[in-house]
Amino acid sequence: TAFSGSHQDAIKKGLEDLQRVADERKVTWQAPYLAVDPHDIGRTYEAVIRVNSQSGKGGMAYLMKTEHQVDLPRRLQIEFSKSVQFLTDQEAREISHDEIWDLFSREYLHTDGIQLVSRESATRGGSHEITATIGVDGAQRTISGEGNGAVSAFVDALDSLGVVVHVLDYSEHAMTAGGTAKAAAYVECEVGDGESSQILWGVGIDSDITEASLKAVIGAVNRSGARVQVGERVGSRQA
């Protein structure tokens, strides 16, 4: 069992490299700190990589990827690991991958505030146009914007609500294969202007990658504590 963050990071990188080698049909087992493949003796990777207050981002990120098909970008790993560290310090015990997922869901997927109700988009002359209906506290409003893609157009539309967003980083991946597969999108945003601005990650999961991307932007805005009242321009506050 590896609790240490440095050991977990080495195991994570070793297993990822081993997977790459296996894909090339070279299947000799070789992984840091693991003399044998845990599956060969009836164990799982969760039994090897376990998370407590000693652990860093590597072990948490590996369990999120292997158990929940969520491959977190490195800077998001750093941000989320602070929440995991706080929970393990508070609980003074080991936490399971399901508890890590529950914490992740509360932090990034089930945030209160703006909700995406519907959206329509079109491309004209190289410019992407979007019209979205968003819900806030039970009321709805339709906003429009344009940009070089769906995310930039949606950010432009949010400006009509007085919400200033600058996208700093973006990544996406399929979580599973097949026609019913879901995709995950991760967006690092600077929300707000000037000294009150905050840099936060948002995460969106949906069967439609564009929908997931817009949900990720909304997630970052909601995590910032930005208060929006439909029909009124309101800036963001420090959470």
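Structure report, in brief. Everything quoted here is computed from the prediction, not taken from an experiment.

Okay, the sheet that holds strand β5 (residues 183–191) next. Pairing between the strands of a sheet comes from backbone hydrogen bonds, and it takes one of two forms, parallel or antiparallel. Spatially, the three strands line up as an open sheet ordered β4-β5-β6, and their pairing is antiparallel. The open sheet terminates on both sides in strands that have one partner only, identified here as β4 (165–174) and β6 (198–206). Direction aside, the axes of adjacent strands within the sheet are offset by 15° on average. By the bridge criterion, nine bridges tie β4 to β5 in an arrangement that is antiparallel. Bridging across to β5, V167 finds its partner in C189.

Further remarks concern the pattern of salt bridges. On inspection of all chains with the given rule, the structure shows 16 salt bridges. Where R50 meets E94, a salt bridge forms, and the shortest distance between an N and an O atom there is 2.8 Å. Of this pair, R50 sits in the loop between α2 (45–48) and α3 (57–68) while E94 is found in the loop between α4 (74–91) and α5 (97–109), placing the two residues 44 residues apart along the sequence. Residue R50 is classed as partly exposed on the basis of its relative accessible area, which comes to 28%. The salt bridge partner of E211 is R119, with a shortest N-O separation of 3.0 Å. Remark: R119 occurs in strand β1 (residues 115–124) and E211 occurs in helix α7 (residues 209–224); sequence separation between them is 92 residues. Note on E211: relative accessible area 17%, which makes it buried. Exposure remark for R119: the relative accessible area of 22% places this residue in the partly exposed category. One network of salt bridges, with partners in common, ties together K12, E16, K65 and D71.

Per the counting criterion, the structure on display carries four aromatic pairs. Residues F80 and Y108 carry aromatic rings whose centres are separated by 5.8 Å and whose planes lie at 75° to one another, so their mutual orientation is edge-to-face. Note that F80 is positioned in helix α4 and Y108 in helix α5, a separation of 28 residues in sequence. Assigned by exposure class, F80 and Y108 land together as buried.

Our next topic: the sheet that holds β1. Spatially, β1-β2-β3 is the arrangement adopted by the three strands of the open sheet, whose pairing is antiparallel. Pairing within the sheet leaves two strands with one partner each, and these edge strands are β1 and β3 (139–147). For this sheet the average axis-to-axis angle between neighbouring strands, irrespective of direction, equals 15°. Summarising the sheet, β1 and strand β2 (residues 127–136) pair through nine bridges and their orientation is antiparallel. Looking at β2, one finds that R119 is bridged to A132. Strands β1 and β2 of the sheet are contacted by α7, whose axis makes an angle of about 125° with β1.

Let us now look at α7. Compared with an ideal rise of 1.5 Å per residue, which puts 16 residues at 22 Å, α7 spans 23 Å between its outermost C-alpha atoms and is within 8% of the ideal. Most of α7 sits inside the fold, with 13 of its 16 residues counted as buried. Where α7 begins, one side-chain oxygen reaches toward the backbone nitrogen of T210, 2.8 Å away; that side chain belongs to D208. Just downstream of α7, G225 is the residue with a positive phi angle, here 85°.

Quick notes on the rules
Residues numbered from 1 in each chain as written. Predicted model: local features only at pLDDT ≥ 70, side-chain atom pairs only at ≥ 80, totals over all residues. Heavy atoms only, no water. Pairing = 2+ DSSP bridges. Helix = DSSP H or I, 4+ residues; strand = E, 2+ residues; numbered from the N terminus. Axes fitted to C-alpha atoms, helices over the stretch in contact; angles between N-to-C directions. Salt bridge = Lys/Arg side-chain N within 4 Å of Asp/Glu carboxyl O. Buried < 20%, exposed > 50% of the residue type's maximum accessible area, 1.4 Å probe, protein only. Phe/Tyr/Trp six-rings, centres within 6.5 Å; stacked < 30°, edge-to-face > 60°. Contact = heavy atoms within 4.5 Å. Expected span 1.5 Å × (residues − 1). Polar contact = N/O pair within 3.5 Å; in protein donor to acceptor, adjacent residues only side chain to side chain.

Interpretation in functional terms is not warranted from these geometric data alone.
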